[in-house]
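Take a look at the letters that make up each chain.
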Amino acid sequence: MPTVPLEGFHVVKHALRFAPQLVHDIRVQDLDRTRALAARLAPDIAQELLARAVLADVGHHTGVEATGTLPPPDLTPLTRRSAPLVLVDSPRSPGNVGAVIRVAAAAGAAGVATIGPLDPWHPSVLRGSAGLHYALPVLRVEAADLIGPVVVLDAGGDPAATLPPGAVLVVGSERDGVGPALRARADLVLALPMRTGVSSLNLATAVAAILYRDRA
Ligand SMILES: C[S@@+](CC[C@H](N)C(=O)[O-])C[C@H]1O[C@@H](n2cnc3c(N)ncnc32)[C@H](O)[C@@H]1O
């Protein structure tokens, strides 16, 4: 199975919390410092973290790193789901995709999918999600894989529309927004109202606002 670097205390913490069997080779710079950090920020995983850690030279400033195995792809949310599946259309910024995964995990989304060349399991995306990839399915898909009501998020859409449960919630890329292929599939185009003069929200902010506003 492919592996990814888990860089930093928070990434390792979330991976250990949600998928401990997929975390390997935990390395810490200093046992006492790690013990204090875990006692303060994550007492629930402290024992496991320390029991499995070995001392090593660690590059990350928190002094904690590990290796993660990618989970086997879970395609369930493509066809069956009661919460929204968030789809990011051709994103460019790994940090933005990480932020979407983080809020999708927090708000109880069914999963996060991406279309386009950016690998949603790239280490930079994993840093941006604080390791919350391990809390829900994260997949790269094609538009043809999608089933269910498609709701496009766009500043020019309907500000009165709401997100139906189990929809595919499509958010666009930083520069170009949602592409024509997914716009053509939209059952609904939903806007978050903004003050005059503001062009758009950051894509992860838009996802956060709508997931929490319309949470079942
Ligand atoms: C930075 S915006 C893209 C701006 C891009 N220039 C455009 O024309 O759409 C990234 C994505 O966030 C979502 N978004 C941003 N502001 C929004 C708003 N006010 N209402 C709904 N969605 C919004 C949309 O999905 C958009 O494609």
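Residues numbered from 1 in each chain as written. Predicted model: local features only at pLDDT ≥ 70, side-chain atom pairs only at ≥ 80, totals over all residues. Heavy atoms only, no water.

**Student:** Would you mind going over the layout of surface pockets in detail, with residue names and values included?
**Tutor:** Computed from the structure, the largest pocket encloses a volume of approximately 360 Å³. What lines the largest pocket is a set of 23 residues, among which L153, D154, A155, S200 and L201 lie closest to the centre. Put simply, the parts of the chain that give the lining of the largest pocket at least two residues each are strand 8 (150-158) and helix 8 (203-213). Considering each element in turn, the lining of the largest pocket owes the most residues, three residues, to strand 8. What the second largest pocket holds in volume is close to 280 Å³. Around the second largest pocket, the lining comprises 17 residues; the ones closest to its centre are P71, P72, P73, W121 and V138. Across the lining of the second largest pocket, the residue classes tally to 14 nonpolar, one polar and two charged. (1 Å grid on protein atoms, 1.4 Å probe; cavity = no way out; pocket = protein on both sides within 12 Å on 5 of 7 lines; lining within 4 Å. Points joined across faces, edges and corners; volume = space filled by probe spheres on them. Helix = DSSP H or I, 4+ residues; strand = E, 2+ residues; numbered from the N terminus. Nonpolar A, V, L, I, M, F, W, Y, C, P; charged D, E, K, R; others polar.)

**Student:** A description of the side chain of R81 should follow, citing residues and the corresponding values.
**Tutor:** Note on placement: R81 falls in the loop between helix 4 (76-79) and strand 5 (85-89). Buried charge without a partner: R81 forms no salt bridge, and the closest opposite charge is D187, 8.6 Å away. Polar contacts involving the side chain of R81 include one to the main-chain carbonyl oxygen of L78, which spans 3.2 Å. Reaching out from R81, the side chain makes a polar contact with the backbone oxygen of I147 at a distance of 2.6 Å. (Buried < 20%, exposed > 50% of the residue type's maximum accessible area, 1.4 Å probe, protein only. Lys, Arg positive; Asp, Glu negative; His and termini not counted. Salt bridge = Lys/Arg side-chain N within 4 Å of Asp/Glu carboxyl O. Polar contact = N/O pair within 3.5 Å; in protein donor to acceptor, adjacent residues only side chain to side chain.)

**Student:** Describe the site of the ligand, naming the residues involved and giving the relevant values.
**Tutor:** Residues in close proximity to the ligand total 18 residues, the closest being L153, G172, R175, L192 and L201. A distance of 3.4 Å separates a nitrogen atom of the ligand from a polar backbone atom of D154. Separating an oxygen atom of the ligand from a backbone N or O atom of G172 is a distance of 3.0 Å. For the ligand, the protein covers 82% of the area, taking 550 Å² as the surface of the free molecule. Mapping the ligand onto the cavity grids shows that it belongs to the largest pocket. Counting only elements with at least two residues in the shell around the ligand, the list comes to strand 8 and helix 8. With three residues, the top contributor of residues to the shell around the ligand is strand 8. Its residues assigned to classes, the shell around the ligand comprises eleven nonpolar, four polar and three charged. (Near = heavy atom within 4 Å. Areas by Shrake-Rupley, 256 points an atom, 1.4 Å probe, with all protein chains shown as cover. Sits in = over half its atoms within 2 Å of the grid points.)

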